[in-house]
Amino acid sequence: MSETLRIGFLGAGKMATALAQGWRESGTICASDPVVAARVHFTKETGAKTLTTNSAVLAECEVLVLAVKPQNMADLLKEIRSAIQSHHLLISIAAGITIQQIADAVGNDKRIIRVMPNAPCLVGASASAFAASPSATAADVELTQRLLDRVGRAVQVPEKLLDAVTGLSGSGPAFVAVMIESLSDGGVRMGLPRDLATMLAAQTLLGSAKLLLETGLHPGQLKDMVASPGGTTIAGLHALETGGVRAALMNAVEAATRRAVELGKQ
């Protein structure tokens, strides 16, 4: 690795842009994307330059973030495999694509890290998990940990868990957004202005999550702290149980996980 870390994104979509924003102080950044609008947006949001070809990114950068859609990964790997050198570290953020699938395309000797970040990396609050290939070094793992910690919290896991991570924290922000919107709708139904209802709902989820993370409380303990006998909260919890909210959220994680597996097989 050079003294100044050079990070190149192959694909300049939303997640690539979000990560690049968080990594601006980690080194020099560039990106490539065949879509002009994506390149323009990437530069506007990150201040980093974009290049018109993937080969140009490989020539300039040592850390290569594979940020294309899972369906486009095979074509990307076929295009760049002859240009990948020993100094390149490949970091894939494509859902469902396994380390072995990447290695089969570019060589088992290549250093590969598979990462599942999520959208809150935009505000430094991502929940990320990653797994390393056998050829990846301890320094590669340390670098990945450091980069991901700059945009939130990250943990190394066995690769077999990454599809479940995709279903939970990868897709989870959308599930949480539905929860916040629904709570806001409830507040509006009961007479609160929309902007106030949405702020209260979002801050309630943020504060509750912060409380759990910082105290180590089990979610059930927090629930019991709030739910007094015969009170308002237990009445609301009964309505949630009647509506099957708990099972619906569990099913959502399962469905997203299964879809991640399907994307890998495609």
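For the structure, check the block above.
In this text the structure is predicted, and so the values were computed from the model without any measurement. (Residues numbered from 1 in each chain as written. Predicted model: local features only at pLDDT ≥ 70, side-chain atom pairs only at ≥ 80, totals over all residues. Heavy atoms only, no water.)

1. A word on the packing of helix H8 (residues 172-189) against helix H9 (residues 194-215)
To characterise two packed helices, one gives the angle between the axes of the helices and the distance between these axes. Relative orientation of the contacting elements H8 and H9 amounts to 135 degrees, with a least axis distance of 8 Å. Taken together, the axes of H8 and H9 lie oblique to each other. With respect to the hand of their crossing, H8 and H9 are arranged in right-handed fashion. Contacts between H8 and H9 involve Val176, Met179, Ile180, Glu181, Leu183, Ser184, Asp185, Gly187 and Val188 from the former and Arg194, Ala197, Thr198, Ala201, Ala202 and Leu205 from the latter. (Axes fitted to C-alpha atoms, helices over the stretch in contact; angles between N-to-C directions. Helix = DSSP H or I, 4+ residues; strand = E, 2+ residues; numbered from the N terminus. Parallel < 35°, antiparallel > 145°, perpendicular 65-115°, else oblique. Left-handed = near helix turned anticlockwise from the far one by under 90°. Contact = heavy atoms within 4.5 Å.)

2. What about the pattern of salt bridges?
Under the criterion given, the structure shown has 14 salt bridges. The shortest N-O distance in the salt bridge between glutamate 142 and arginine 146 comes to 2.8 Å. Taken together, the residues glutamate 142 and arginine 146, both in helix H6 (residues 138-149) and 4 residues apart, mark about one turn of the helix. By relative accessible area, arginine 146 is classed as partly exposed at 42%. (Salt bridge = Lys/Arg side-chain N within 4 Å of Asp/Glu carboxyl O. Buried < 20%, exposed > 50% of the residue type's maximum accessible area, 1.4 Å probe, protein only.)

3. Section: the nonpolar core
Core analysis: the largest hydrophobic core is formed by 30 residues, its most contacted members being Ile7, Phe9, Trp23, Ile29 and Phe42. Those elements that place two or more of their residues in this core are strand S1 (6-10), helix H1 (14-22), strand S2 (28-32), strand S4 (63-66), strand S5 (89-92), strand S6 (111-116) and H6. Setting aside chain neighbours within four positions, we find phenylalanine 9 in contact with Ala16, Leu19, Ala20, Trp23, Ile29, Cys30, Ala31, Ser32, Phe42, Val57 and Val65. (Core = buried A, V, L, I, M, F, W, Y, C linked by side-chain atoms within 4.5 Å.)

4. Examining the packing of aromatic side chains
We describe a pair of aromatic rings using the distance from one ring centre to the other and the angle between the two ring planes. If you walk through the whole model with that rule in mind, you get 2 aromatic pairs. Members of the aromatic cluster, joined through ring pairs, are Phe9, Trp23 and Phe42. (Phe/Tyr/Trp six-rings, centres within 6.5 Å; stacked < 30°, edge-to-face > 60°.)

5. Observations concerning H6
The terminal C-alpha atoms of H6, which comprises 12 residues, lie 16 Å apart, in line with the 16 Å expected from a rise of 1.5 Å per residue. Those residues of H6 not exposed but buried are Asp140, Val141, Leu143, Thr144, Leu147 and Leu148. The buried residues of H6 occupy an angular sector of 165 degrees when projected down its axis, which confines them to one face. Turned more than 90 degrees away from the buried face of H6, the exposed residues are Ala138 and Ala139. Turning to H6, the residues buried within the fold contact S1, S4, S5, S6, strand S7 (126-132) and strand S8 (152-156). (Expected span 1.5 Å × (residues − 1). Arc of directions from axis to C-beta.)

6. Quick word on the packing of helix H7 (residues 162-170) against helix H12 (residues 245-265)
For the pair H7 and H12, the least separation of the axes is 7 Å and the interaxial angle reads 135 degrees. For the element pair H7 / H12, the angle class is oblique. Of the two possible hands of crossing, H7 and H12 adopt the one that is right-handed. Across from Asp163, Ala164, Thr166, Gly167 and Leu168 in H7, the residues of H12 making contact are Val253, Ala256, Thr257, Ala260 and Val261. Grouping the constituent residues of the contact of H7 with H12 by class yields 6 nonpolar, 3 polar and 1 charged. (Nonpolar A, V, L, I, M, F, W, Y, C, P; charged D, E, K, R; others polar.)

7. Some details on the environment of valine 165
Tracing the backbone shows valine 165 in helix H7. Along the backbone, valine 165 and threonine 232 are 67 residues apart, and their C-alpha atoms lie at a distance of 34 Å. Ignoring any residue separated from it by four or fewer positions in sequence, one finds valine 165 in contact with Met116, Ala129 and Gly170.

8. A short note on the pairing of S6
The element S6 is largely enclosed, with a buried count of 6 among its 6 residues. Every second residue of S6 is oriented toward a common face, with Arg111, Ile113 and Val115 on one face and Ile112, Arg114 and Met116 on the other, all of them buried. As paired elements, S5 and S6 share 4 bridges and run parallel to each other. Bridge pairing in S6 places leucine 89 opposite arginine 111. Remark: the S5/helix H5 (residues 99-106)/S6 crossover connection has right-handed handedness. Sheet topology note: the S6/S7 ladder contains 4 bridges and is antiparallel. By the bridge assignment for S7, methionine 116 is matched with alanine 129. (Pairing = 2+ DSSP bridges. Right-handed = clockwise from strand over helix to strand, strands pointing away.)

Function cannot be read off these values alone, since they describe shape.
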